[in-house]
Amino acid sequence: MLRQLRKPTDEAPFLLCREALGRNCYRPVHPTWVGSLALSVLEDEFLDLSIAESLKCRSEDGRIHPNVGAVAVKDGKVLASAYRGETAPGDHAEYVLLEKKLANESLAGCTIYTTLEPCTSRNYPKVPCAQRLIDRKVGRVVIGQLDPNPIITGRGKLALRSAGIITDLYPESAMKKVEEINRHFNRFQAEAGVISRVSSDFIESAKNRRLDHWYESVNRV
Ligand SMILES: [Zn+2]
């Protein structure tokens, strides 16, 4: 639902977009964003903060991991921010945010900005971040980029939506920053996806081939 608001300045008029926040709280939205992605201009600082947090991630075990930053916002105020590995190597950003920093806060209805789609599977007894967000009854999750890991891709967003949580993606300019920061992780996952498409039947049928035949065959997959 959009409603025209008076011009706040001589610049292009701003609109009010109820769906942008998904609750009974109106905020000005630049009209050029309405219809594609309606994020409040006031949210830029939260997006920037989440990206700045993601840049604090450090290599943890020599393997390629994503840079992830997360921010919790309630009533327009930042409650806390966090990044992957902040409290211990491998700790997911949302876990640090929800359980290490905001364990005793009420997060019902708040908005979480996270630079990477929340995960949906973790080794037991760890709890996936999407489930943690659902359990804390957050109202909205804004995602920097979908997780390129095919085990996760889209499932985090879907899980949140299935639980009635509003989801948005970062606007194009911010998403590009996130994708650039995670370029090594994104490339690694894309290459891993090619390898995973080699079926076990193929491996069985080709296990006696010479190595150069393997390279030739795999590159044709
Ligand atoms: Zn996670």
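Sequence order sets the numbering: in each chain, residues are counted from 1 along the sequence as written. Totals for whole chains, interfaces and linings use all residues, but because this is a predicted model, local features are given only for residues with pLDDT of at least 70 and pairs of side-chain atoms are given and counted only at 80 or more.

So, on to the nonpolar core. Each nonpolar core comprises buried Ala, Val, Leu, Ile, Met, Phe, Trp, Tyr and Cys residues, the members being joined through C-beta atoms within 7 Å. Remark: C-beta atoms are placed from the backbone, and a residue is labelled buried if 20 or more other C-beta atoms sit within 10 Å of its own, exposed if 12 or fewer do, or partly exposed between those counts. Judged by nonpolar contacts, the single largest core of 37 residues is most densely connected at A70, I112, Y113, L133 and V141. Numbering of helices and strands runs from the N terminus, with a helix taken as a DSSP run of H or I at least four residues long and a strand as a DSSP run of E at least two residues long. Ranked by the residues each element gives to this core, the list is headed by helix α3 (residues 93–101), at five residues. By definition, residues are in contact whenever their C-beta atoms, placed on the basis of the backbone, come within 7 Å of each other. If we ignore the near neighbours within four places in the chain, the residues touching I112 are A70, A72, L133, V138 and V141.

Take the sheet that holds strand β5 (residues 77–83) next. For two strands to pair, DSSP has to find at least two bridges joining them. Read across the open sheet, the five strands follow the order β5-β4-β6-β7-β8; overall the sheet is mixed. Sheet topology places β5 and β8 (166–169) at the edges, where each strand pairs with a single neighbour. With strand direction ignored, the average angle separating the axes of adjacent strands in the sheet is 15°. Looking at chain direction, strand β4 (residues 69–74) and strand β6 (residues 111–114) are connected through four bridges and run antiparallel. By the bridge assignment for β6, A70 is matched with T114. Axis definition: a line fitted to C-alpha atoms, over the contacting stretch in the case of helices. Angles run 0 to 180 degrees between N-to-C directions.

For the rest of this paragraph, the subject is unusual backbone geometry. In this structure, P125 follows Y124 across a cis peptide bond, with omega equal to 10°. Positive phi values are uncommon outside glycine, yet D75 reaches one of about 50°. Mapped onto the secondary structure, D75 falls in the loop between β4 and β5. Residue D75 is classed as exposed on the basis of its 9 C-beta neighbours within 10 Å. Backbone geometry at K137 places phi at a positive 60°, although glycine is not the residue there. Inspection of the secondary structure puts K137 in the loop between α4 (129–135) and β7 (140–143). We classify K137 as partly exposed; it has 14 C-beta atoms within 10 Å.

Moving on to the confidence of the model for the protein chain. Confidence scores labelled pLDDT are given residue by residue by the predictor and lie between 0 and 100. Of all residues in the protein chain, 72% have pLDDT values of 70 or greater, and the mean over the chain is 82. Counting contacts from residues 1–26, a segment whose pLDDT is below 50, to residues more than four positions away or on other chains yields 45 contacts. Overall, residues 30–37 carries pLDDT values under 50, and its contacts beyond four positions in sequence, including any with other chains, amount to 16 contacts.

Right, let's get into helix α2 (residues 44–54). Residues of α2 that are buried: F46, L47, S50, I51, E53 and S54. Along the axis of α2, the buried residues cluster in a sector spanning 160°; they form a single face. Think of the arc as the fan of directions from the helix axis to the C-beta atoms.

Viewed as axis vectors pointing N to C, α2 and helix α6 (residues 172–181) meet at an angle of 5°, and their least axial separation amounts to 11 Å. Regarding the angle of α2 to α6, the classification is roughly parallel. Contacts between α2 and α6 pair L47, I51 and S54 from the former with A174, K177, V178 and I181 from the latter. Residue polarity is assigned by list, with Asp, Glu, Lys and Arg as charged and Ala, Val, Leu, Ile, Met, Phe, Trp, Tyr, Cys and Pro as nonpolar; anything else, Gly included, falls into the polar class. Tallied by class, the residues present in the contact of α2 with α6 amount to five nonpolar, one polar and one charged. Any angle that falls under 35 degrees is termed roughly parallel, while one over 145 is termed roughly antiparallel, one within 65 to 115 roughly perpendicular, and all others oblique.

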